[in-house]
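Here's the letter readout for the chains.
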Amino acid sequence: MIALLVAVGSGLGAAARLVVDRNVSIRFPSVFPWGTLTVNVLGSFGLGLLATSTSGVEAAALVGAGGLGGFTTVSTFGYETVRLLRSGAWLLGAANALGNVGLGLLAAAGGVALATWLG
């Protein structure tokens, strides 16, 4: 049952990632991958919030491992960073790497803090 929840959540999360990434990319056309950064930061915040506020295995499987796991993307982040670096856009590549990791960590900490504050 848990595997089915993860599978359903993953499908929904991946579809949501596509929608968010495309909308951000359309609104902010750039060589910089704003869409991927957006989903990774939002997903980090969401997982920090969820992991701190729930102990339910089913919710963690559906929303956490499945939904947020499907929503966020370290593989696309890695590819886009390498693409920027290979094209000579060193500053953008470094900004993408630091932005995904740094902002992701801050967002996760923010989710944990909010869940702790809410209580």
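Residues numbered from 1 in each chain as written. Predicted model: local features only at pLDDT ≥ 70, side-chain atom pairs only at ≥ 80, totals over all residues. Heavy atoms only, no water.

*Asks:* An account of the overall build of the protein is needed here, citing residue identities and associated values.
*Replies:* A tally of helices and strands in the protein yields five helices and zero strands. In the protein, the order of α-helices and β-strands from amino to carboxyl end is α-α-α-α-α. Overall, the C-alpha framework of the protein stretches about 45 × 30 × 25 Å when taken along its three principal axes. Looking at the 119 residues of the protein, the share that counts as buried comes to 30%. As presented, the protein carries roughly 7,000 Å² of accessible surface, and 74% of it is formed by carbon and sulfur atoms. (Helix = DSSP H or I, 4+ residues; strand = E, 2+ residues; numbered from the N terminus. Buried < 20%, exposed > 50% of the residue type's maximum accessible area, 1.4 Å probe, protein only. Areas by Shrake-Rupley, 256 points an atom, 1.4 Å probe, with all protein chains shown as cover.)

*Asks:* Quick one: what's the story with the packing of aromatic side chains, residue by residue and with numbers?
*Replies:* All told, the structure shown has one aromatic pair when counted by the stated rule. Both rings, one in phenylalanine 32 and one in tryptophan 34, keep their centres 4.5 Å apart while their planes meet at 55°; by these two values the pair is tilted. Exposure remark for phenylalanine 32: the relative accessible area of 8% places this residue in the buried category. (Phe/Tyr/Trp six-rings, centres within 6.5 Å; stacked < 30°, edge-to-face > 60°.)

*Asks:* Kindly report on the packing of helix 1 (residues 2-27) against helix 2 (residues 34-53), identifying the contributing residues and their values.
*Replies:* Two measures define how a pair of helices packs: the angle their axes make with one another and the distance between the axes. With their axes 8 Å apart at the nearest point, helix 1 and helix 2 run at an angle of 135° to one another. With respect to their mutual orientation, helix 1 and helix 2 come out oblique. The way helix 1 lies across helix 2 gives a crossing that is right-handed. On helix 2, the residues touching Arg17, Val20, Asp21, Val24 and Ser25 of helix 1 are Trp34, Gly35, Thr36, Thr38 and Val39. In the contact of helix 1 with helix 2, the residues fall into four nonpolar, four polar and two charged. (Axes fitted to C-alpha atoms, helices over the stretch in contact; angles between N-to-C directions. Parallel < 35°, antiparallel > 145°, perpendicular 65-115°, else oblique. Left-handed = near helix turned anticlockwise from the far one by under 90°. Contact = heavy atoms within 4.5 Å. Nonpolar A, V, L, I, M, F, W, Y, C, P; charged D, E, K, R; others polar.)

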